[in-house]
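# Observations on the model geometry
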Amino acid sequence: MTQAVLQTEQLSKKYRRRVVVDQLSLTVEQGDVFGFLGQNGAGKSTTIRMALGLMRPTSGRVRVLGHDMSRQPLRALKRVGAIIEGPAFYENFSGRQNLRMLAAMSGGAERQRIEMVLEIVGLRERARDPVRVYSHGMRQRLGIAQALLPNPEFIILDEPTDGLDPQGLCETRMLIQRLRDELGLTVMLSSHLLHEVEQICNRVAIIDEGRLLYQGPVADLIANDNWIQLRVDRVTEAYDLLSRNPRLSLDRNGDQSIYVKMDEEEVPLVNALLVQNGFRVMELSPRRESLERVFMRLTGKHEPKSKQETTQK
Ligand SMILES: Nc1ncnc2c1ncn2[C@@H]1O[C@H](COP(=O)(O)OP(=O)(O)OP(=O)(O)O)[C@@H](O)[C@H]1O
Ligand SMILES: [Mg+2]
């Protein structure tokens, strides 16, 4: 049996009376790229702080690489790298100098190691430039470089893709995949973007208000759902036609399209029905669920905070 890299048991954190992490039991296995998903304020950073021994849990336990964090934090931490909530750098110093200084503070790292992590994150060419001229994506990568300095087995990245543009997202995604595939690292990353996590991670935990909603393979989370997105002309009439079939569940997605819940075998039948009735079918594709929709499904709640889609009946 492989040993879990991170295991939290009934982990909780209260601020005064308010519970922000609630009986959270997470397991990150070796070789995972584990996504830790939740909306702003869900408790991700708080959980990560407790996992790294930076904050005491109100109750519950954390084991990292087999060590109990309340008893032997240093043994575990020697083998872990992390960035939490956007790392801070000395703006007037270069990326390389920043890494040297950060390394010096934590016992030093060999010159070679610094060059190696710069290479891994693709900042070698820009390593002489002061951090103040770095783009957001370059700063994030310098943060990852810092996390890699101690040559860890496990890295925890808090929102490594936050605020990145598509190109930055793609670079970070490839970097994280390389960390796992080429360096054999186990990675845990937090995010509030399901779509991102879906592309990078093999396993995911979703939390809401500190409570676990789901933990398991990403594929199971999304695939379970049999909802097909249908783009068609005359959406309202198409909706009326399909709603006469009691086997289909329907949901309007604004004026744009209809979601139809059906087994795969029924897709051609629905297509034929629409075409026979003179509709022009532009698209029939598996619905890409947003995090908001997954939340609604798992909690039965209405869409929280950000509203990206409008659903009308
Ligand atoms: N020191 C503190 N005192 C009181 N409340 C706090 C403190 N730190 C965090 N909280 C609260 O705990 C909750 C969880 O915060 P946390 O930073 O863990 O969320 P998060 O999931 O990381 O959110 P984000 O996506 O915005 O980074 C929030 O409601 C926050 O206001
Ligand atoms: Mg956070």
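Before going into details, it helps to say that this report is about the structure given with it.

Definitions and cut-offs
- Residues numbered from 1 in each chain as written.
- Chains lettered and ligands numbered in written order.
- Predicted model: local features only at pLDDT ≥ 70, side-chain atom pairs only at ≥ 80, totals over all residues.
- Heavy atoms only, no water.
- Helix = DSSP H or I, 4+ residues; strand = E, 2+ residues; numbered from the N terminus.
- Polar contact = N/O pair within 3.5 Å; in protein donor to acceptor, adjacent residues only side chain to side chain.
- Axes fitted to C-alpha atoms, helices over the stretch in contact; angles between N-to-C directions.
- Parallel < 35°, antiparallel > 145°, perpendicular 65-115°, else oblique.
- Left-handed = near helix turned anticlockwise from the far one by under 90°.
- Contact = heavy atoms within 4.5 Å.
- Nonpolar A, V, L, I, M, F, W, Y, C, P; charged D, E, K, R; others polar.
- Near = heavy atom within 4 Å.
- Areas by Shrake-Rupley, 256 points an atom, 1.4 Å probe, with all protein chains shown as cover.
- Buried < 20%, exposed > 50% of the residue type's maximum accessible area, 1.4 Å probe, protein only.
- Arc of directions from axis to C-beta.
- Pairing = 2+ DSSP bridges.

### Overview of the environment of Ser70
Note on placement: Ser70 falls in the loop between β6 (67-68) and α2 (73-77). Ser70 sits 17 residues away from Gly53 along the chain, and the two C-alpha atoms are 7.3 Å apart. Polar side-chain contacts of Ser70 include one of 2.8 Å to the side chain of Asp68.

### Considering the packing of helix α5 (residues 136-148) against helix α6 (residues 166-181)
Here α5 crosses α6 at 15°, and the two axes come no closer than 12 Å. Here α5 is positioned roughly parallel relative to α6, judged by the angle of their axes. Relative to α6, the crossing made by α5 is right-handed. Seen from α5, the contacting residues are Arg141, Ile144 and Leu148; seen from α6, they are Glu171, Thr172, Leu175 and Leu179. In terms of residue class, the contact of α5 with α6 is made up of four nonpolar, one polar and two charged.

### Focus on the site of ligand 1
The environment of ligand 1 is made up of 13 residues, and the closest members are Gly41, Gly43, Lys44, Ser45 and Thr46. Between Ala42 and ligand 1, the recorded distance is 3.2 Å, taken from a backbone N or O atom to an oxygen atom. In this structure, Ser45 approaches ligand 1 through a main-chain N or O atom, which is 2.8 Å from an oxygen atom. Protein burial of ligand 1: of its 640 Å² of free accessible surface, 63% is covered by the chains. Elements with a contribution of two residues or more to the shell around ligand 1: β2 (18-24) and α1 (44-51). When residues in the shell around ligand 1 are grouped by element, the largest group, three residues, is from α1.

### Observations concerning helix α9 (residues 235-243)
Listed in full, the buried residues belonging to α9 are Val235, Ala238, Tyr239, Leu241 and Leu242. Projected down its long axis, α9 shows its buried positions confined to an angular sector of 165°, all on one face. Elements that come into contact with the buried residues of α9 comprise β12 (227-232), β13 (249-253), β14 (257-261) and α10 (266-276).

### Focus on the sheet that holds strand β10 (residues 203-208)
Sheet architecture is open: six strands sit in the order β7-β8-β9-β4-β10-β11, paired in mixed fashion. Two strands lie at the open edges of the sheet, namely β7 (80-83) and β11 (211-217), each paired on one side alone. Neighbouring strand axes in the sheet, compared pairwise and without regard to direction, differ in orientation by 15° on average. Those strands touched by α5 are β7 and β8 (154-158), and its axis lies near 160° from that of β7. Lying over the sheet, α6 contacts β4 (33-37), β8 and β9 (186-191), oriented at roughly 155° with respect to β9.

All we've got here are geometric facts, nothing functional implied.
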